[in-house]
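For reference, the chains in residue letters:
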Amino acid sequence: MCKIAKQSAIPASQNLPAVSSLRWRCVLCSVCPPCRLRRGRLRLTGEQQELGWMESVPYLDRPPSPLEFYREWVSPNKPCIIQNAISHWPALKKWTLAYLREVVGPKVVSVAVTPNGYADAVFQDRFVMPEERQMPFMDFLDIVEKKVTSPNIFYVQKQCSNLTEEFPELVCDVQPDIPWMSEALGKKPDAVNFWLGESAAVTSLHKDHYENLYCVISGEKHFLLHPPSDRPFIPYELYQPATYRVSEDGSFEIVDEKSADKVPWIPLDPLNPNLEQYPQYAQAKALQCTVKAGEMLYLPSLWFHHVQQSHGCIAVNYWYDMEYDLKYSYYQLLDCLTKAMEVS
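Residues numbered from 1 in each chain as written. Predicted model: local features only at pLDDT ≥ 70, side-chain atom pairs only at ≥ 80, totals over all residues. Heavy atoms only, no water.

**Student:** Tell me about the sheet that holds strand E14 (residues 220–226), and please be specific about residues and values.
**Tutor:** Reading across the sheet, the five strands line up as E6-E12-E20-E14-E18 and stay open at both edges, with mixed pairing between neighbours. Each edge of the open sheet carries a strand with a single partner, namely strand E6 (118–119) and strand E18 (287–292). In terms of strand pairing, E14 meets E18 through six bridges, oriented antiparallel. Note on E18: the bridge partner recorded for Leu-224 is Gln-288. (Pairing = 2+ DSSP bridges. Helix = DSSP H or I, 4+ residues; strand = E, 2+ residues; numbered from the N terminus.)

**Student:** Just give me the short version of the pairing of strand E20 (residues 304–309), but keep the residues and values in it.
**Tutor:** Counting buried residues in E20 gives five out of six residues, a clear majority hidden from the surface. Pairing between strand E12 (residues 202–206) and E20: two bridges, direction antiparallel. Residue pairing for E20: Thr-203 is matched across the bridge by Val-307. Bridge analysis of E14 against E20 gives six bridges, and the strand direction is antiparallel. Each bridged residue has a counterpart across the sheet, and for His-222 the counterpart in E20 is Gln-308. (Buried < 20%, exposed > 50% of the residue type's maximum accessible area, 1.4 Å probe, protein only.)

**Student:** How would you summarise the side chain of Ser-161 if you had to cite specific residues and measurements?
**Tutor:** Examined against the element boundaries, Ser-161 turns out to sit in the loop between strand E10 (153–156) and helix H6 (162–166). On the accessibility criterion, Ser-161 (10% relative accessible area) is buried. Apart from the residues within four sequence positions on either side, Ser-161 is in contact with Ala-191, Val-192 and Asn-193. (Contact = heavy atoms within 4.5 Å.)

**Student:** Tell me about the sheet that holds strand E13 (residues 210–218), and name the residues and values.
**Tutor:** Strand order in this open sheet of nine strands is E3-E4-E19-E13-E21-E11-E10-E5-E9, and the pairing throughout is mixed. Each end of this open sheet is capped by a strand with a single partner; those strands are strand E3 (59–60) and strand E9 (131–136). Contacting strand E5 (108–114), E9, E10 and strand E11 (191–197), helix H5 (residues 137–144) runs over the sheet at an angle of about 105 degrees to E9. (Axes fitted to C-alpha atoms, helices over the stretch in contact; angles between N-to-C directions.)

**Student:** Tell me about the pattern of salt bridges, and name the residues and values.
**Tutor:** The tally for this structure, following the rule as stated, stands at 14 salt bridges. Its salt-bridge partner being Lys-188, residue Asp-177 comes within 3.2 Å of it at the nearest N-O pair. One end of the pair, Asp-177, is in the loop between H6 and helix H7 (179–185); the other, Lys-188, is in the loop between H7 and E11, with eleven residues separating them in the sequence. Overall, Asp-177 belongs to the buried group, its relative accessible area being 10%. For Lys-188, a relative accessible area of 55% gives the class exposed. A single salt-bridge network, built from bridges that share partners, covers Arg-101, Asp-142, Glu-145 and Lys-147. (Salt bridge = Lys/Arg side-chain N within 4 Å of Asp/Glu carboxyl O.)

**Student:** Mind laying out the packing of helix H4 (residues 97–104) against H5, listing which residues take part and the relevant values?
**Tutor:** Taken N-terminus to C-terminus, the directions of H4 and H5 make an angle of 165 degrees; their axes are 9 Å apart at the nearest point. Classified by the interaxial angle, the pair formed by H4 and H5 is roughly antiparallel. When you trace H4 past H5, the crossing you get is left-handed. Two secondary-structure elements touch here, H4 through Leu-97, Leu-100, Arg-101 and Val-104 and H5 through Phe-137, Met-138, Leu-141, Asp-142 and Val-144. Across the contact of H4 with H5, the residue classes tally to seven nonpolar, no polar and two charged. (Parallel < 35°, antiparallel > 145°, perpendicular 65-115°, else oblique. Left-handed = near helix turned anticlockwise from the far one by under 90°. Nonpolar A, V, L, I, M, F, W, Y, C, P; charged D, E, K, R; others polar.)

**Student:** Explain the packing of aromatic side chains to me, and be specific about the residues and the numbers.
**Tutor:** Under the criterion given, the structure shown has 15 aromatic pairs. Measuring from ring centre to ring centre gives 4.7 Å for Phe-167 and Phe-194, while their planes differ by 40 degrees; the resulting arrangement is tilted. Of this pair, Phe-167 sits in the loop between H6 and H7 while Phe-194 sits in strand E11, placing them 27 residues apart in sequence. Given the relative accessible area of 0%, Phe-167 is considered buried. What makes Phe-194 buried here is its relative accessible area of 0%. Taking the centre distance of 4.8 Å and the plane angle of 80 degrees together, the rings of Tyr-324 and Tyr-328 count as edge-to-face. Residue class for Tyr-324 comes out partly exposed when judged on its relative accessible area of 47%. Within the aromatic cluster, the residues linked to one another by ring pairs are Trp-95, Phe-137, Phe-140, Phe-167 and Phe-194. (Phe/Tyr/Trp six-rings, centres within 6.5 Å; stacked < 30°, edge-to-face > 60°.)

This is the structure:
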């Protein structure tokens, strides 16, 4: 049988990988399959943390060349905040709420509406998606500007290239792609998304299979990040998918998507983690950063991220499909080892 012991009780000569900021170490046997899995997983995670860990998200004071960006950031899968990359965009000066009201006006757009600000998140043992409400954009702006009060939370966040599909009149104020990123990756973005919402709108912890350039036009975005190597410490569970639906009295009900498969999602709130329920999360190493107006965050593929924002924050992001290469295979292996551990 394996035992968990305080690191101080383990002789240094055993040379096992340290796995926790709480200074715990696993004493593993060399015979049973669960221990072999644990040993392999800990070694993979520990080596990745040692090689790739950063104390904070670094800043670049200018956009990099395509070769520099690929070599220094994309290939090692490391985030950075890039300044002066979008300073030439007209949107930085033009995109006030008054301007958006004038240009987009009564056009009907998709708005995510929830009772609590959490769209695509675990609630009441369900994976609950927002009500996708079709409403005039100016009515949405009335809520953001508090000209109209509502008990619910509204967020323009549809992620199927809604900038080009629903707000084409705004594209000329930004760029259809980021040229140095497109050259570095040899491809154009799969999607360009427009984000605008209330401060109570929160994006729950998740990861994407995209190289993400996140550009803040006004306000601030607050990111909590975990590298893919933290996967063994981040819990996933399977949930019945459901959707918020407004009842006749204006309250929300949760309606199950009964024909849909269960969805794997992270139930943990990284800002207030329940370490009694998910003790392994104490071993994860989070980075936090704030992206301000005029700045761009490079969020590498497969990095876990939780996002908050200032009220009325406006942003545009570019999703470039990731390469399914050796790096992806490594993280898939780590994910498979973690899942095997959970059932062993």
